[in-house]
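Fold and contact review
If you want the building blocks of each chain, they are given just below.
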Amino acid sequence: MSKLVKQTQEELKSRITAAIDCAIANGDLPEAEIPAFIIEKPADKKNGDFSTNAAMAGARAFRKAPRQIAEAIVSNLDLSGTLFERAEIAGPGFINLFLSQEYYSRIVEDVIACGDDYGRSDYGEGKKVIVEFVSANPTGPMHVGNARGAALGDGISSLLEWTGWHTEREFYINDAGNQIEKFATSLEVRYLQKCGQNVALPEDAYHGMDIVAHAEAFYAENGDKFADADSKTRRDALVAFALPKNIAGLERDLKSYRVEYDNWFSESSLHKSGAVMEIVKKLTDKGYTYEQEGAVWFKAEQFGADKDFVLVRANGIPTYIVPDIAYHCDKLVTRNFDKAINVLGADHHGYVPRLKAALKALDVDTDKLDVVLMQMVKLLRDGEPIKVSKRSGKAIGLVTLLEEIPLDAARFFFNMREADSHFEFDLDLAVEKSSQNPVYYVQYAHARICSILRTLQEEGLYQEGTPLNELPAPETSQEIELIRHLAAFPSEISAAAKIYDPSRITKYALELANLYHKFYDACSVKNAETPEIREFRTDLCRAAGQVLRNAMAILKIDCPEKM
């Protein structure tokens, strides 16, 4: 990450602590243990580059008004030898710190020195985290909701990697349960129709053309060999034929979307190993189940859920949540991940507390499980919503979407809003080559930087890889605002990772592009007032380009050098 940003914050905390010690020693503050305090970046830049609540935090310990404590701290604060030029007291006792001009030129040097690693940190300390996302039913192609989930989950994974977590991406294959039964029914009917039998497809079956294609391919390979077989044999053969093809298709389509998983975990493996029914046994042995009308119920209310729920139906078949419980035990206990993150649709809102209740009953630390709930996506064309239906096969899937819009636009657009926000995806805007298109606007800023550097290099005014000279301090507000934004990148990544929100990075990139365009309009690089200023602005262009690339690398979006 940026050593300078981290060192500056650490130095400031040390100086404030020393100022409090000094104030105690000379009698400005009474003898007391120094309380914990925070240093943060104010939302309003008028309130300085950093701010601390040290005075408010010490009100009880020092038995003084925060404003008086702040005055004592500031009067004893020695900023000599630091990159801070002054401290001011604001409001009831906030202490605002302002950086010197030298800091800004040092940030440019720091970005260039760190290069592709600028923004990385060791916050995660190498702890193991598993991020499960998409996990679409392998009964058909992925829909637009899966496309948003893939961009979101992959973005979260990248943020965690950038902040020092050992991160694994996992796809949970739902290859058991009701959806597979429905898949089998759909395939069976289409196959029998191909064999010339007059069989109607149930209304709640899958009506997509992918089912027809599977049935035709199966018929081409087997003819009517299974037409007179018993239904179970026929259904098993059809599923065994079609399901692996669908799973391979999911993996292929996700790779084309720049999403690659470390693990593909099969739900059916939990059934085969006995792990599913073992969950029921463990809960029963602990006294947390009861029977009612032939079904086995879990005492979920006892563990914070809104109501008890069925684990095993009267027919002996476990409900869908039981393998999910077994799966999460596998992640958090068997594989011993320090953290598990699930990206799920907003319709899982009631499911999460039920899952956590069962895990709690099994003595699994539920603080290790975080769930990101994702709202629906609405596709717009010509300003009007596109009506889609997965069951009818008329949905716009991931592959269809990527045939219509650039891959970079898809990944950027899907991460433009927080996961819990409804999102309207404007298909027309996504292909527009103008500043109105957010991803185009960001990529154009990078291309503009590359164009400037090429021109300078062609005219002998810049040579890539040249060692940095000591840079002058920036002189214009556009330079300072741009550098201040570059300095904020490491903390922005950390903040985004902590709340699992890649949209903070798209917003950061958009603002960086905006600030760069303002700098470009106000500050000539090639025709700068002096060679020293030209050199500084050249390096500022290099630094801005580097941070844009790093931000887009988190989102797995290209930064073209020409457009």
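Side note on the side chain of Arg 148
Here Arg 148 is to be found in helix 6 (residues 144-162). Despite its burial, Arg 148 remains without a salt bridge, the nearest opposite charge being carried by Glu 418 at 7.0 Å. Within polar-contact distance, the side chain of Arg 148 engages the backbone oxygen of Ser 421 at 3.0 Å. Residue contacts for Arg 148: discarding those within four places in its chain leaves Met 374, Gln 375, Met 376, Val 377, Phe 414, Arg 417, Glu 418, Ala 419, Ser 421 and Phe 423.

Comments concerning the layout of surface pockets
Taken as a whole, the second largest pocket encloses approximately 990 Å³ of empty space. Lining of the second largest pocket is provided by 32 residues; of these, Gln 9, Lys 41, Ala 488, Ser 491 and Glu 492 occupy positions nearest its centre. Among the elements of the structure, helix 1 (3-25), helix 18 (477-487), helix 19 (489-498) and helix 20 (503-522) are those that each provide at least two residues to the lining of the second largest pocket. With six residues, the single largest contributor to the lining of the second largest pocket is helix 19.

Section: the pattern of salt bridges
Enumeration over the complete set of coordinates arrives at 32 salt bridges. A salt bridge links Glu 161 to Arg 169, with the shortest nitrogen-to-oxygen separation between them at 2.8 Å. According to the relative accessible area criterion, Glu 161 is partly exposed, its value standing at 31%. Through salt bridges with shared partners, a single network forms among Asp 154, Glu 161, Arg 169, Arg 411 and Lys 556.

Side note on the nonpolar core
Grouped together as the largest cluster of nonpolar side chains are 138 residues, with contacts concentrated most on Tyr 257, Phe 414 and Phe 425. Considering every element that reaches this core, the biggest residue donor is helix 21 (residues 531-555), with 11 residues. Every residue in contact with Phe 414, bar those within four places of it in the chain, is listed here: Val 144, Ala 147, Arg 148, Ala 151, Tyr 257, Val 377, Leu 401, Phe 423 and Phe 425. Listed in part, the 37 residues of the second largest apolar core include Leu 283, Val 296, Phe 337 and Leu 355.

Digging into a negative patch on the surface
Together, Asp 382, Glu 384, Asp 428 and Glu 432 make up a region of like negative charge exposed at the surface. Looking at the secondary structure, you find Glu 432 in the loop between helix 16 (427-430) and helix 17 (438-458). Residue classification places Glu 432 among the partly exposed positions, given a relative accessible area of 34%.

Side note on the environment of Asn 336
Among the structural elements, Asn 336 can be located in the loop between helix 12 (321-334) and strand 11 (339-345). Dropping the residues within four chain positions of it, Asn 336 is found in contact with Lys 128, Asp 330, Lys 331 and Lys 368.

Side note on unusual backbone geometry
Positive phi, close to 55°, is recorded for Glu 125, a residue that is not glycine. Along the chain, the position of Glu 125 falls in the loop between helix 5 (101-114) and strand 5 (128-132). For Glu 125, a relative accessible area of 63% translates into the label exposed. At Asp 382, a position not held by glycine, the phi torsion is positive, near 55°. In this structure, Asp 382 sits in the loop between strand 13 (377-381) and strand 14 (384-385).

Some details on the sheet that holds strand 8 (residues 289-292)
Taken in spatial order, the three strands of this open sheet run 8-9-10, and their pairing is antiparallel. The open sheet has two free edges, formed respectively by strand 8 and strand 10 (309-312), since each of these has just one partner strand. Neighbour to neighbour, the strand axes of the sheet diverge by 45° on average, direction disregarded. Here three bridges tie strand 9 (residues 295-298) to strand 10, and the two strands are oriented antiparallel to one another. Considered in strand 10, the bridge of Val 296 is made with Val 312.

A closer look at the packing of helix 5 against helix 18
Running from N to C, helix 5 and helix 18 cross one another at 60°; their axes reach a closest spacing of 9 Å. Compared by their axis directions, helix 5 and helix 18 come out oblique. The hand of the helix 5/helix 18 crossing is left-handed. Each of Gln 101, Tyr 103, Tyr 104, Ile 107 and Val 108 in helix 5 lies in contact with helix 18, whose residues at this interface are Ile 480, Ile 483, Arg 484, Leu 486 and Ala 487. Considered class by class, the residues forming the contact of helix 5 with helix 18 number eight nonpolar, one polar and one charged.

Rules used in this analysis
Residues numbered from 1 in each chain as written. Predicted model: local features only at pLDDT ≥ 70, side-chain atom pairs only at ≥ 80, totals over all residues. Heavy atoms only, no water. Helix = DSSP H or I, 4+ residues; strand = E, 2+ residues; numbered from the N terminus. Buried < 20%, exposed > 50% of the residue type's maximum accessible area, 1.4 Å probe, protein only. Lys, Arg positive; Asp, Glu negative; His and termini not counted. Salt bridge = Lys/Arg side-chain N within 4 Å of Asp/Glu carboxyl O. Polar contact = N/O pair within 3.5 Å; in protein donor to acceptor, adjacent residues only side chain to side chain. Contact = heavy atoms within 4.5 Å. 1 Å grid on protein atoms, 1.4 Å probe; cavity = no way out; pocket = protein on both sides within 12 Å on 5 of 7 lines; lining within 4 Å. Points joined across faces, edges and corners; volume = space filled by probe spheres on them. Core = buried A, V, L, I, M, F, W, Y, C linked by side-chain atoms within 4.5 Å. Patch = residues over 30% accessible without salt bridge, like charges linked within 9 Å, V, L, I, M, F, W, Y side chains within 5 Å. Areas by Shrake-Rupley, 256 points an atom, 1.4 Å probe, with all protein chains shown as cover. Charge placed at Lys NZ, Arg CZ, Asp CG, Glu CD. Pairing = 2+ DSSP bridges. Axes fitted to C-alpha atoms, helices over the stretch in contact; angles between N-to-C directions. Parallel < 35°, antiparallel > 145°, perpendicular 65-115°, else oblique. Left-handed = near helix turned anticlockwise from the far one by under 90°. Nonpolar A, V, L, I, M, F, W, Y, C, P; charged D, E, K, R; others polar.

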